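Architecture and fold: a report
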Amino acid sequence: MPLIDSFAVDHTIMPAPSVRRAKLMQTAHGDPVEVWDLRFIRPNHGRMGDAGIHTFEHLFASYMREHVNEEGVLEVVDISPMGCKTGFYMSVIGHGDEQKVADSMLSSMRDIAALPADTKVPAANKYQCGSCDMHSLSEAQEIARNIISQGVSVVHNEDIALSPKMLEQLS
């Protein structure tokens, strides 16, 4: 079985909050595709709760697109939570600037944190959401406030890569 790219980096030294261009690919037509690791919580040092991450997903996907998309340069294809609940993956077509992605993530956090307490979560109904009863705006805002208080750094794969020897030992 091929090694998944995210398993080639050392999660014990991965900082958070951070952004990392995790993977570069090309479509069959030569369009660049990037997968970004948007890390909110240090791996194995906590995780987002179910209701908070779910509401956060509904909000973050829209705000991040508003801040990071640039017509003809970069367009978000998908933003999805990680199974480990420590961040999200963002797939884009185009080439993203690392600092712009970090700034966009922080701006999105500010947008979420600034929502009034009575804000209706978008698409949180049985017609548009598969778990419409599992939402918490206050938990989503707490996630955002924690990220704002720490700031967002840029991480490079080579700085946290597992050595070939370590990868062999872990196989």
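See above for the structure.
Source: prediction; values computed, not measured.

A few points about unusual backbone geometry
- The omega angle of the peptide bond from Ala16 to Pro17 is -5 degrees, so this bond is cis rather than trans.
- With respect to the element layout, Pro17 can be found in the segment before strand S1 (18–26).
- With a phi angle near 65 degrees, Asn44 is a residue other than glycine that sits in the positive phi range.
- Looking at the secondary structure, you find Asn44 in the loop between strand S2 (32–39) and helix H1 (50–68).
- Positive phi, normally seen in glycine, also occurs at Ala123, with a value near 60 degrees.
- Position of Ala123 among the secondary structure elements: in the loop between helix H2 (98–113) and helix H3 (137–150).
- Residue class for Ala123 comes out partly exposed when judged on its relative accessible area of 29%.

So, the side chain of His54
- By the element assignment, His54 lies in helix H1.
- For His54, a relative accessible area of 10% corresponds to the buried category.
- Among all residues touching His54, those that are not within four sequence positions of it are Cys129, Ser131, Met134 and His135.

Calculation rules
Residues numbered from 1 in each chain as written. Predicted model: local features only at pLDDT ≥ 70, side-chain atom pairs only at ≥ 80, totals over all residues. Heavy atoms only, no water. Helix = DSSP H or I, 4+ residues; strand = E, 2+ residues; numbered from the N terminus. Buried < 20%, exposed > 50% of the residue type's maximum accessible area, 1.4 Å probe, protein only. Contact = heavy atoms within 4.5 Å.

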